[in-house]
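# Reading the structure
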Amino acid sequence: MGQISNEDIKKIFEEIGESDETLRELEKKLDNENLAALVRRKFFEKRLGISLSATGSSILDFVDTEGSISYRPIGAIQVPVTIIGPIDIEGEIVHGPKYIPLSSIYPALMETMDLGVSISHNTKIVVKTEKCWIRLFNICRQEKCSQIESVIRAKNKKLHILCYGRESGGLVETILIGEAAPCQIIKSMITNGEIGELVKMIGPTKIPILAPYITLDYKLSIFIPRLTLSSAGIGQSEIVKTYNALENMKGIDNSIIPITLGVLTSFYLSIGIKPEYALRSEIRKYYLISGFRGLRLGLDIRIALPYAVSKSEQTIINRELYSIIDGGRINPLIVGELASSLALISYIGELAMIARGAP
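One structure accompanies this document, and this report is about it.

### Observations concerning the nonpolar core
- Counting residues in each nonpolar core, the largest one holds 87 residues, and the members touching the most others are Ile-177, Phe-267 and Tyr-268.
- Setting aside residues up to four positions removed in sequence, Ile-177 forms contacts with Cys-132, Trp-133, Ile-134, Leu-136, Ile-148, Ile-152, Leu-159, His-160, Ile-161, Ile-186 and Leu-198.
- In terms of nonpolar packing, the next biggest core, distinct from the first, is built from nine residues, Ile-12, Leu-30, Leu-35 and Ala-36 among them.

Below is the structure:
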């Protein structure tokens, strides 16, 4: 379709009617997604008798985002961004203090994170990889799993491969490619883009639950000196009591887990990773060991992430915020160690907040 004139645009606005069918017909006349977003917004303003002017105040270019991070948009919302840190991390990829952006509408949670950072000041979070998995899905009736098995086995006989779905007609096959710590082969496949080649063998999908992804199992620990807790006005014995109380509550209400996953969602949202990956993550275990000199806290967690994120899947804001922690494109291996560290910090913050008797 050619360039739309001002007269054409005026006519389109005059034609805004009272049904979704009318809106769909109007959209077909437009070849610019920013203009289409405006038409949709005006349509709903007229139909619902409301103003959506704030929703329309956005710096996003919907021509660039359509199909990558947006679908028939009417505008965008703004979410406050907090930067927490520095968090000192001793990982396999990440080394040293890091500031991390979180997009959140939950100020109490951000305050809790800030307290967790404050208490963990001057001590390192040690992050170790326990296991890695590549998860691929196929919804055609061809034996892709065997094909991928042969490719993997030819190069890397040490990888563990599991295939599900063969006995159910092959309509949906789940292909799991796993490796125990330190996951050097799979990490190399992520870095070198080899997973993308396996995905091409299967073919693309727009079905969210069948999107390929990776999982990284981490074990984290941190030692917090007794004096550090005292300086924050928190008794070590109170932290232990809080830990025991939360453990006793698990059978009734394990609320600490959704709170922690909420932190991951805030992190992913800020840098342009779909929140579904936070919900696919899994907290396996929390632990606390009390000693004379202080506390050792730990966490076993499975972090789910896309195997790759292209710049087209990020807004200019996402890219700007990711530059706080790293330059260039998103590196899932860096994000995994940061995300797992955030999970531990949130747990420390929750324990401390309850222990000091905050209302």
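Next comes the rest of the description.
### With respect to the pairing of strand E8 (residues 294–305)
- Where burial is concerned, most of E8 is hidden: 11 out of the 12 residues are buried.
- Both strand E7 (residues 282–290) and E8 contribute to a ladder of eight bridges, which runs antiparallel. Across the sheet, Tyr-287 pairs through a bridge with Gly-298, a residue of E8.
- Connecting E7 to the next strand, E8, in antiparallel fashion are three residues.

### So, the packing of aromatic side chains
- For the structure shown, the criterion picks out five aromatic pairs.
- Each ring, one from Tyr-213 and one from Tyr-277, has its centre 6.3 Å from the other, and the planes form 65 degrees; the classification is edge-to-face. With a gap of 64 residues between them, Tyr-213 in strand E6 (residues 213–225) and Tyr-277 in helix H12 (residues 276–280) connect regions that are remote in the sequence.
- Grouped by ring-pair contacts, the aromatic residues Phe-137, Tyr-213 and Tyr-277 constitute a single cluster.
- Above the plane of the ring of Phe-292 lies Arg-226, whose end atom (NZ or CZ) is 5.9 Å from the centre.

### Observations regarding helix H6 (residues 144–155)
- End to end, H6 covers 17 Å across 12 residues, agreeing with the expected 16 Å (1.5 Å per residue, within 8%).
- Within H6, the full set of buried residues consists of Lys-144, Cys-145, Ile-148, Glu-149 and Ile-152. Summarising the axial view, the buried residues of H6 lie within an arc of 135 degrees, below the 170-degree limit, and thus occupy one face.
- The inward-facing, buried residues of H6 contact strand E3 (125–138), strand E4 (160–164), strand E5 (173–180), helix H7 (184–192) and helix H8 (194–202).

### What to know about the pairing of strand E1 (residues 81–90)
- Pairing of E1 with strand E2 (residues 95–103) involves eight bridges; the strand directions are antiparallel. Across the sheet, the residue bridging to Glu-90 is His-95, located in E2.
- What sits between E1 and E2 in their antiparallel hairpin is a turn of four residues.
- Here two bridges tie E1 to E3, and the two strands are oriented parallel to one another. In the strand pairing of E3, Ile-89 is matched with Ile-125.

### Thoughts on the packing of helix H5 (residues 107–119) against helix H14 (residues 332–355)
- At a closest axis distance of 7 Å, the pairing of H5 and H14 adopts a crossing angle of 95 degrees. The orientation of H5 with respect to H14, classified from their angle, is roughly perpendicular. Two secondary-structure elements touch here, H5 through Leu-109, Glu-111, Thr-112, Met-113, Leu-115, Gly-116, Val-117 and Ile-119 and H14 through Leu-342, Ile-345, Ser-346, Ile-348, Gly-349, Glu-350, Ala-352 and Met-353.
- Residue composition of the contact of H5 with H14, grouped by class: 10 nonpolar, four polar and two charged.

Scoring rules and cut-offs
Residue numbers restart at each chain and count upward from 1, following the sequence in its written direction. The predicted origin of the model limits local features to residues at a pLDDT of at least 70 and limits the giving and counting of side-chain atom pairs to 80 or more, whereas totals for whole chains, interfaces and linings rest on all residues. No hydrogens and no water enter the side-chain calculation; it runs on all heavy atoms of the structure. In this description, a nonpolar core means a group of buried Ala, Val, Leu, Ile, Met, Phe, Trp, Tyr and Cys residues linked to one another through side-chain atoms lying within 4.5 Å. The classification of residues rests on relative accessible area computed with a 1.4 Å probe and restricted to protein chains. Under 20% of the type maximum is buried, over 50% is exposed, and intermediate values are partly exposed. Only heavy atoms matter for contacts: two residues are in contact if any of them lie within 4.5 Å across the pair. Helix and strand definitions follow DSSP, with helices as H or I runs of at least four residues and strands as E runs of at least two, each counted in order from the N terminus. Paired strands, as defined in this entry, are two strands with at least two bridges between them according to DSSP. Side-chain rings of Phe, Tyr and Trp (the six-membered ring for Trp) are treated as a pair once their centres are within 6.5 Å; stacked means planes under 30 degrees apart, edge-to-face means over 60, and tilted covers the remaining angles. Charge over a ring is defined by NZ of Lys or CZ of Arg lying within 6 Å of the ring centre and within 35 degrees of the ring normal. Multiplying one less than the number of residues by 1.5 Å gives the expected span of a helix. Picture the helix axis, draw a direction to every C-beta atom, and the arc is the one those directions span. Lines fitted to C-alpha atoms define the axes, with helix axes restricted to the stretch in contact, and inter-axis angles between N-to-C directions lie between 0 and 180 degrees. Angles below 35 degrees are treated as roughly parallel, those above 145 as roughly antiparallel, those between 65 and 115 as roughly perpendicular, and all remaining angles as oblique. Think of it as three bins: nonpolar holds Ala, Val, Leu, Ile, Met, Phe, Trp, Tyr, Cys and Pro, charged holds Asp, Glu, Lys and Arg, and polar takes everything else, Gly as well.

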